[in-house]
Structures are given as C-alpha cells and as structure tokens.
Amino acid sequence: MFNLVLFGPPGSGKGTQSDKIVEEYGLVHLSTGNLLRQEIKDKTPLGLEAKAFIDKGQLVPDEVVIGMVDSYFDAHKDARGFLFDGFPRTIPQAKALDNLLELKKTAITQVLMLEVDEEELIKRLVHRGKTSGRSDDADENVQRKRQEVYRKETLPVAEYYSREKKLKQINGMGTIGEIFERLSASIEKKIK
Ligand code: B4P
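Throughout this description, residue numbers start from 1 for each chain and increase along the sequence as written. Per-residue local features of the predicted model are confined to residues with pLDDT of at least 70, and side-chain atom pairs are confined, for both listing and counting, to 80 or more; whole-chain, interface and lining totals are unaffected and use all residues. Hydrogens and waters are ignored; side-chain quantities use all the structure's heavy atoms.

## Brief notes about the environment of R37
Secondary structure elements are taken from DSSP: a helix is a run of H or I of four residues or more, a strand is a run of E of two residues or more, and numbering for both begins at the N terminus. Summarising the element assignment, R37 is placed in helix α2 (residues 32-41). Sequence separation between R37 and A50 is 13 residues; the distance between their C-alpha atoms is 8.7 Å.

This is the structure in structure tokens:
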C-alpha cells in the first residue's frame with residue numbers, strides 16, 4: 001500500500017492539493033476536517049462536541065478523532081492506499097495511526113509538509129472565510145489561534161516523522177499547479 005500524509009499549517013493548501021492527488025493517484029482521501037464538518041452538518045453528538053473546539057480554533061480531542069479514523073478504515077477495507085489530510089495533528093494521533101496501519105500490515109510511506117509564510121496563510125484563510133461559510137474561518141483571531149495551536153501541538157509530529165526519515169518539506173508558496181507539480185515529483189519517486 002502507498003500511504004501518504006499531507007502535512008502543514010491551517011490554510012497551507014492540504015485540502016486543495018489532496019483533491020488533485022487522489023484524482024491522479026487513486027488513493028482514498030481521509031480528511032479529518034471534512035469528516036468532522038460532515039458530523040457537524042448532520043448534527044450528530046460527535047459533531048456537536050467537535051464544533052465547540054473547532055469554533056475556538058482548538059483541536060478536537062484525540063480519542064474522538066482516532067475513533068473516527070478507525071471507523072473510516074473499517075469502511076474502506078479494499079483501499080490500495082490512503083492520503084491522510086490534516087491527520088495526524090498530535091503525537092498520540094501519529095502513534096495511533098502507526099498502530100492502526102500495523103494491524104493492516106502496512107505503514108506510512110511518505111510525509112509531505114507544505115511550508116507557507118504565516119501572513120500568506122492568514123490571507124488565504126480570510127479569503128476562504130468570505131465564501132466557505134466555515135465558522136472557524138470567520139474571525140482573524142480564531143485563525144491566529146489555529147496557527148499557534150499548530151506550532152505547539154502539531155509541529156512536533158513533523159519531528160516524529162523526521163526521526164523516521166519519512167518527512168520531506170515542500171515549498172507551498174506559488175500557484176496551485178506549481179505546488180502540485182512539486183508534490184507529484186516527490187510522490188512519483190516513491191509510488192510503484
Ligand atoms: P482542516 O479541515 O484540516 O483544514 P485547514 O487546516 O483549515 O486547511 P487546509 O490546509 O486544508 O487548506 P485549504 O486547502 O482549504 O481543519 C479544520 C479544523 O478541524 C481544525 O482547525 C481542527 O479544529 C479540526 N481538526 C481537523 N483535523 C483534526 C485532527 N486530526 N485532530 C484534531 N482536530 C482536527 O486552503 C486554504 C485556502 O487557501 C483555500 O481558500 C484555498 O482555495 C486557498 N489556496 C490553496 N492553495 C493556494 C495557493 N497556492 N495560492 C492561493 N490560495 C490558495
């Protein structure tokens with residue numbers, strides 16, 4: 001199996017690039033952000049719990065996210081590979097993912113990390129906020145909080161994968177097409 005993690009701060013383009021990668025390489029797209037937004041839309045108990053965290057720019061608790069990923073795996077037993085978008089975001093999530101993949105006798109192949117200047121990130125999110133209807137996009141203070149949470153809670157995950165020699169940094173500035181070309185060049189070195 002080819003299992004790719006697309007990593008990077010909020011607004012770095014993970015969702016945008018994921019759509020192009022899954023189309024090109026036939027991977028199953030697992031976006032915890034999308035799964036949480038669907039739960040919120042469906043007004044499930046999980047969605048109501050998650051919304052309170054997301055609206056404040058905080059991460060949803062690990063056990064909630066890990067349970068959701070576990071169920072997604074069960075529903076996609078025949079996948080030839082996964083693209084993990086926005087997951088894992090904490091060290092406990094990274095360890096849980098390793099364990100879930102080990103049960104499937106597979107592992108993470110590669111972690112691609114999009115690097116974008118913070119002012120560009122805020123600019124993109126303010127712009128997205130005008131059309132997305134996402135409550136976590138509406139307020140610049142919430143967006144800055146999300147960048148702070150990323151630095152404190154999520155960046156250590158990059159170090160975790162760097163120790164395993166799986167991390168590769170990708171310049172996330174430029175047009176969507178240019179960034180996709182950079183990501184594809186790395187993927188094609190690893191995918192068989
Ligand atoms: P996510 O849904 O993962 O989304 P994101 O980090 O906000 O954005 P992404 O990087 O995908 O950016 P996008 O392509 O849209 O997370 C939402 C929230 O859910 C989190 O804050 C957290 O609370 C919760 N959550 C999710 N997963 C979790 C987990 N594992 N654990 C705990 N909590 C979790 O791009 C942004 C904008 O830029 C778009 O408008 C796009 O059009 C634009 N853009 C993209 N590329 C561009 C480019 N090259 N140039 C100009 N604009 C560009």
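So much for the structure itself; the text now carries on.
## Points about the sheet that holds strand β3 (residues 82-85)
Note on pairing: two strands pair once DSSP finds at least 2 bridges between them. The five strands lie next to each other as β2-β3-β1-β4-β5, forming an open sheet whose pairing is parallel. Both edges of this open sheet fall to β2 (28-31) and β5 (167-171), since each of them pairs with a single strand only. Taken over all neighbouring pairs, the strand axes of this sheet differ in orientation by 20° on average, direction set aside. Bridge analysis of strand β1 (residues 4-7) against strand β4 (residues 110-115) gives four bridges, and the strand direction is parallel. When the bridges of β4 are listed, F7 appears paired with M113. Against the sheet, α2 contacts β2 and β3, and its axis sits at roughly 65° relative to β2. Geometry is summarised by axes, namely lines fitted to C-alpha atoms with helices restricted to the contacting stretch, and by angles between N-to-C directions that run from 0 to 180 degrees. Here, two residues are considered to be in contact whenever any of their heavy atoms come within 4.5 Å of each other.

## Quick notes on the nonpolar core
One finds F7, F73, F84, L97, I108 and Y161 to be the most contacted residues of the largest nonpolar core, which totals 30 residues. Contributions of two or more residues to this core are made by β1, β2, α3 (45-54), α4 (62-75), β3, α5 (91-103), β4 and α7 (140-163). Examining the composition of this core, we find that six residues originate from one element, α4, more than from any other. Beyond its immediate stretch of four places on either side in the chain, F73 contacts L30, F82, F84, L97, L100, L101 and K104. Within the second largest apolar cluster, 16 residues are counted, among which are F2, L4, L27 and I170. Nine residue types can take part in a nonpolar core, namely buried Ala, Val, Leu, Ile, Met, Phe, Trp, Tyr and Cys, and a core is a set of them joined through side-chain atoms within 4.5 Å. Exposure classes here rest on a 1.4 Å probe applied to the protein chains alone. A residue is buried below 20% of its type maximum, exposed above 50%, and partly exposed in between.

## Thoughts on the site of the ligand
Around the ligand sit 30 residues in total, of which T16, T32, Q58, R128 and R146 are the nearest. In the analysis that follows, any N or O atom pair within 3.5 Å is treated as a polar contact, provided that within protein one partner can donate a hydrogen and the other can accept it, and provided that, for residues neighboring in sequence, both atoms belong to side chains. T32 has a polar side-chain atom sitting 2.8 Å from a nitrogen atom of the ligand. Take R37: an N or O atom from its side chain is 2.9 Å from an oxygen atom of the ligand. Every accessible area reported is derived by Shrake-Rupley at a probe size of 1.4 Å, with residue values counting cover from the shown protein chains alone. The fraction of the free accessible surface of the ligand (1000 Å²) that becomes covered by protein chains is 87%. Put simply, the parts of the chain that give the shell around the ligand at least two residues each are α1 (14-25), α2, α6 (118-132) and α8 (176-190). Of the residues forming the shell around the ligand, the biggest block, four residues, is contributed by α2. Looking at the shell around the ligand residue by residue, the class counts come to 10 nonpolar, 12 polar and eight charged. Near is defined per residue: the residue qualifies when any heavy atom it owns lies within 4 Å of the molecule or strand. As a working rule, the residues Ala, Val, Leu, Ile, Met, Phe, Trp, Tyr, Cys and Pro are called nonpolar, Asp, Glu, Lys and Arg charged, and the rest polar, with Gly in that last group.

## Quick word on α5
Expected helix span is taken as 1.5 Å per residue step, with the number of steps being one fewer than the number of residues. Across its 13 residues, α5 extends 19 Å between first and last C-alpha, which sits within 8% of the 18 Å expected from 1.5 Å per residue. Within α5, the full set of buried residues consists of Q93, A94, A96, L97, D98, L100 and L101. Its buried side turned inward, α5 meets α4, β3 and α7. Residue K105 follows α5 closely and has a positive phi angle near 60°.

## Remarks on the environment of G13
Within the fold, G13 resides in the loop between β1 and α1. Each C-alpha atom of the pair G13 and L121 lies 9.0 Å from the other, and the pair is 108 residues apart in sequence. Non-local contacts of G13, meaning those with residues more than four positions away in its chain, are made with L114 and R124.

## Some remarks on the environment of F84
Positionally, F84 belongs in strand β3. Distance from F84 to R182, taken between C-alpha atoms, is 18 Å for residues 98 residues apart in sequence. Other than its neighbours up to four places away in sequence, F84 contacts N3, L4, V5, L6, L30, F73, L97, L101 and I108.

## Side note on the side chain of Q143
Mapping Q143 onto the fold places it in helix α7. Under the relative-accessibility criterion, Q143 is labelled buried at 1%. When sequence neighbours within four positions are dropped, the list of residues in contact with Q143 reads I122, L125, V126, D136 and D137.

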